[in-house]
Amino acid sequence: MNSKKDILSGLVFAIGDSFYLYFCKDIVPFTGKGTTPLTNQFMPLLWGSLMMVLSLTLILRGVCQLRKDAGEQKRESSELSPTRRIVEYREVILSFFVLFMYIFLLEKIGFIIMTALFLVAEINLLTPKEKRNYILSLAVGIGVSILLYCIFNKALHILLPTGIFGF
Amino acid sequence: MIQEGFLTVFSDPLTLIFIALGTIIGIIFGAIPGLTATMAIVIFLPFTYPMLATQGISTLTALYIGGISGGLISAILLNIPGTPSSVATCFDGRPMAQKGQGAKALGVAVVFSFIGTFIGIMCLMVLAPLLASVAIKFGPFEYCALSVFALSLVVTLAGKDMIKGLMSAVLGCMIATVGLAPLDSKPRFTFGNFNLNTGFKLLPVLIGIFAITEVMNYASEVNKQKKFEVDEVEIKGFGFTFQEFTGQIKNAFVSAMVGLGIGILPGIGGSVSNVLSYTVSKNTSKHPEKYGTGIIDGIVASETANNATIGGAMIPLLALGIPGDGTSAMLMGGFLIHGISVGPLIFEKSGSIVYGIFFAMLLSAFLMAVFMLLGMKWFIKILKVPKNYLLSIVVTLCVIGAIGDSNLLFDAWGVFGFGLMAYLMNKAGFSMTPLILGFLLGETVEVNLRRVSQLISTTSPFSRPLFLVFTLATISVLGYSVYGALSRHITIKSKEKREK
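Residues numbered from 1 in each chain as written. Chains lettered and ligands numbered in written order. Predicted model: local features only at pLDDT ≥ 70, side-chain atom pairs only at ≥ 80, totals over all residues. Heavy atoms only, no water.

1. Let's talk about helix 4 (residues 53-78) of chain B
Residues and elements named next belong to chain B.
Next, step 1: With 26 residues, helix 4 extends 38 Å from end C-alpha to end C-alpha; this agrees with the ideal 38 Å at 1.5 Å per step.
Next, step 2: Counted residue by residue, helix 4 has 26 buried out of 26 residues, so it is predominantly covered.
Next, step 3: Backbone geometry just after helix 4 places Asn 79 at a positive phi near 60°. (Helix = DSSP H or I, 4+ residues; strand = E, 2+ residues; numbered from the N terminus. Expected span 1.5 Å × (residues − 1). Buried < 20%, exposed > 50% of the residue type's maximum accessible area, 1.4 Å probe, protein only.)

Here is the structure:
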């Protein structure tokens, strides 16, 4: 399992780093008075190159370990199929989705409404199905949302998005 | 300066109230497994925006001290460390509780947490100004070498996998290159987005990495959560005898020094110091076989060390601008928000505020001991608060914290993005500490390396002794860990050959 994780991580880092190195060409070096021998391109290129070497090393390590495990005929006893993996991490995926929608709609809808909706959704996601109490989570969501708005916006004078309804 | 600092704290009733509240809230966060001192600082940072600098930073340090100390409650009563800094407290704390000595275990842990914090802060007050006075003489050569040394330490000591540690650190450095380049202000990786001109801010990065990942880790275990029973315990007096106290003085002093040393080394922190100190105490004890069966020596070692680490971690933070651990990295964000630049000039520019913070920390340590000894039964009740509600509110406060600093929704997206990245990297076995240090030190390395490239034609690096010391130290640390990794690899290979 670790070997496959290493190969996948290495690949992701290598692909990301390729983009990083590609966009280094858009960095315009400073050529005016006071320029340094090492330009503003040097460090990005250094970090990018180092990352590429490390990513490839990680991939290689993963491949060697995978071959070794295959040679020893080691079976991965707890490997899950992609569908089962999505089911197992359902709460995490949904939590990230809910957080994404919260931030996306925050400025459009407004702090109080979106925070209340987010809290209701997230509280229930973090609760096992058999223990969910929708009425309590709704009450907590609305109450906490208004309380936070009063504390931060009214008491501490921190600007919070108002949205189309003005709050 | 010292007198001014003392008066800044003790003549302002609001500051005293904030310190008391911060300590109590920190203890609560530390006590509840899954909530940490770092998360407490993340969440309450926005509350400090309208405060004066001394008030705000005193509150944050009170949260830090309370948070590190609070972990002992669940460690002893539930065998679940409230924070990573209390892992070793479980080893003897829980057996003591099972033997009906829970009150004694808690009393010992609280008193020696105070002693560890006190020793750490005393050393901080002495060593930080000394180190700052030396660091003032640092030039680009020394800063460049020191930053690279700090990064190498983090990479080699922070995790088991050196390649992943290095990748994490380099990724942090790469993230730090986004924005206007230092020295010449040419845009890099901004893609025409003006929000990226100033690069990624420290707060969204830290909030995403620390807070969002904790919530998502809880989310992944929602259906596997076990219900736990909490023993009701009340401490009478200190819970242990004066003879037992005097018998632990040497153990406490050694543990404090271990904690202080670990705290000074960047990127490590209380999560390592408590375990290391426990190991040292056990190996140097006359009765090592009793460790793990329920003796106070183990608790003293763990709690003294993890609290001494607080003072230790603040030393490089204040004197050099290099945080000693993740929590002090978060504190660094707090300093910046209140307009205080950490580094060698902090004592010259903001001396009275810094000494005020020292006195605030001493007060917080004292209050921590008082609150925990007198109010333990109330803190135990807190353990029963459902985390699904708490953590959902935590996420909301994270978003508010990110937006509140700059009034830009872009920073909330930063929290989301870094949270997602950190969660996936954690699952793939990458440590986040090297990434944070890389992010913090990347610009320092670049600025000073480019300045060195200008100066090298006129100044020989061999004329800078500290530069040579740091460079040799870096080579030694990296060489030692490569040697260690190769030795382990050879040992494993020869073991496999023998088995075949």
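Let's pick the thread back up.
2. A word on unusual backbone geometry
All names here are of chain B.
Next, step 1: Even without glycine at this site, Phe 189 takes up a positive phi of about 55°.
Next, step 2: You can see Phe 189 is positioned in the loop between strand 2 (187-188) and helix 9 (202-220).
Next, step 3: Assessed through its relative accessible area of 10%, Phe 189 is described here as buried.
Next, step 4: One non-glycine residue, Phe 191, lies in positive phi territory at about 50°.
Next, step 5: Mapped onto the elements, Phe 191 comes out in the loop between strand 2 and helix 9.

3. Here we look at the confidence of the model for chain B
Next, step 1: Residues of chain B with pLDDT of at least 70 account for 96%, and the chain-wide mean is 86.
Next, step 2: Overall fold confidence for the complex sits at a pTM of 0.82, while the interface term, ipTM, reaches 0.92. (pLDDT = per-residue confidence, 0-100.)

4. Looking at the pattern of salt bridges
Next, step 1: In this structure the tally under the stated criterion is 11 salt bridges over all chains.
Next, step 2: For the salt bridge of Lys 25 of chain A with Asp 26 of chain A, the shortest nitrogen-to-oxygen distance reads 3.0 Å.
Next, step 3: Residue Arg 90 of chain A pairs with Glu 91 of chain A through a salt bridge whose shortest N-O separation is 3.3 Å.
Next, step 4: On the accessibility criterion, Glu 91 of chain A (5% relative accessible area) is buried.
Next, step 5: Three or more residues joined by partner-sharing salt bridges are found here, namely Asp 6 and Arg 61 of chain A together with Asp 161 and Lys 164 of chain B. (Salt bridge = Lys/Arg side-chain N within 4 Å of Asp/Glu carboxyl O.)

5. Observations regarding the packing of aromatic side chains
Next, step 1: Under the defined criterion, the tally for this structure stands at 30 aromatic pairs over all chains.
Next, step 2: When the centroid spacing of 5.0 Å and the interplanar angle of 85° are considered together, the rings of Phe 23 of chain A and Phe 191 of chain B count as edge-to-face. Taken as a pair, Phe 23 of chain A in helix 1 (residues 2-23) and Phe 191 of chain B in the loop between strand 2 and helix 9 lie in two separate chains rather than in one.
Next, step 3: Among the aromatic residues, those joined into a cluster by ring pairs are Phe 96, Phe 100 and Phe 104 of chain A together with Trp 413, Phe 416 and Tyr 423 of chain B.
Next, step 4: The ring centre of Tyr 22 of chain A lies 4.5 Å from the NZ or CZ of Lys 25 of chain A, which sits over that ring.
Next, step 5: If you follow Lys 164 of chain B out to its NZ or CZ, it ends over the ring of Phe 430 of chain B, 5.3 Å from the centre. (Phe/Tyr/Trp six-rings, centres within 6.5 Å; stacked < 30°, edge-to-face > 60°. Lys NZ or Arg CZ within 6 Å of the ring centre and 35° of its normal.)

6. Side note on the nonpolar core
Next, step 1: Ranked by internal contacts, the top residues of the largest apolar core, which has 151 residues, are Leu 99, Phe 111 and Phe 152 of chain A together with Phe 335 of chain B.
Next, step 2: It is helix 9 of chain B that contributes the most residues to this core, 12 residues altogether.
Next, step 3: Split by domain, this core shows at least three residues from each of two domains, domain 1 (1-80) and domain 2 (89-167) of chain A.
Next, step 4: Counting 35 residues, the second-largest nonpolar core is a separate cluster that includes Val 110, Ile 119, Ile 299 and Met 376 of chain B. (Core = buried A, V, L, I, M, F, W, Y, C linked by side-chain atoms within 4.5 Å. Domains from an automatic or database assignment.)

7. Examining a positive patch on the surface
Next, step 1: Together, Lys 5 and Arg 85 of chain A together with Lys 224 and Lys 427 of chain B make up a region of like positive charge exposed at the surface.
Next, step 2: Summarising the element assignment, Lys 224 of chain B is placed in the loop between helix 9 and helix 10 (242-247).
Next, step 3: Lys 224 of chain B sits in the partly exposed class, given a relative accessible area of 49%. (Patch = residues over 30% accessible without salt bridge, like charges linked within 9 Å, V, L, I, M, F, W, Y side chains within 5 Å. Areas by Shrake-Rupley, 256 points an atom, 1.4 Å probe, with all protein chains shown as cover. Lys, Arg positive; Asp, Glu negative; His and termini not counted. Charge placed at Lys NZ, Arg CZ, Asp CG, Glu CD.)

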